[in-house]
Amino acid sequence: MTRQIIATDKAPAAIGPYSQAVRAGDTVYFSGQIPLDPATGSVVEGDITAQARRVFDNLVAVAQAAGGSLTQVVRVGIYVTDLANFAAVNAVMAEYFQAPYPARSTIEVSALPKGVQVEVDAIMVLG
């Protein structure tokens, strides 16, 4: 199996020993995206809605770098530090995806990198 590393400057650079995404065959595995501005590397200011929009914008950029789009995403994993924000994140996700929707899990975690409120990873199938 060959692995193709996906990288774009239109999404934040990795802040650890990982790739933005890895393509294996027709499947692209996205690393978790947090609400970092790709131009500055800083956490975006604002509420959970602003953070979620930045996260999904980052996922769009990585999907495009891999030769795809969010319409080809088959699974999304959402991690939030407070499930009270579920409805707000869900509303933002609905701005980026249309039916048929990908499979999804939403999990509350105690903390995320850089103190952000949301992180999202995904799996996309091309072809």
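Structure: above.
Here goes a summary of the coordinates provided. (Residues numbered from 1 in each chain as written. Predicted model: local features only at pLDDT ≥ 70, side-chain atom pairs only at ≥ 80, totals over all residues. Heavy atoms only, no water.)

**Details of the pattern of salt bridges**
- The tally for this structure, following the rule as stated, stands at three salt bridges.
- Glu95 serves as the salt-bridge partner of Arg53, at 2.8 Å between the closest nitrogen and oxygen. Highlighted residues: Arg53 in helix α1 (residues 48-65) and Glu95 in helix α2 (residues 86-96), separated in sequence by 42 residues.
- Looking at Arg53, the relative accessible area reads 35%, which means it is partly exposed.
- Classification of Glu95 by relative accessible area gives partly exposed; the value is 43%.
- Arg75 is the salt-bridge partner of Asp121, the closest N and O atoms lying 3.8 Å from each other. One end of the pair, Asp121, is in strand β6 (residues 118-125); the other, Arg75, is in strand β4 (residues 73-80), and 46 residues separate them in sequence.
- Judged by its relative accessible area of 19%, Asp121 is buried. (Salt bridge = Lys/Arg side-chain N within 4 Å of Asp/Glu carboxyl O. Helix = DSSP H or I, 4+ residues; strand = E, 2+ residues; numbered from the N terminus. Buried < 20%, exposed > 50% of the residue type's maximum accessible area, 1.4 Å probe, protein only.)

**Brief notes about unusual backbone geometry**
- Backbone torsion omega between Ala99 and Pro100 reads 0°, so that peptide bond is classified as cis.
- Structurally, Pro100 can be placed in the loop between α2 and β5 (103-108).
- If you check the backbone angles, Lys114 has positive phi at about 60° while not being a glycine.
- Following the sequence through the fold, Lys114 ends up in the loop between β5 and β6.
- For Lys114, a relative accessible area of 51% puts it in the exposed group.

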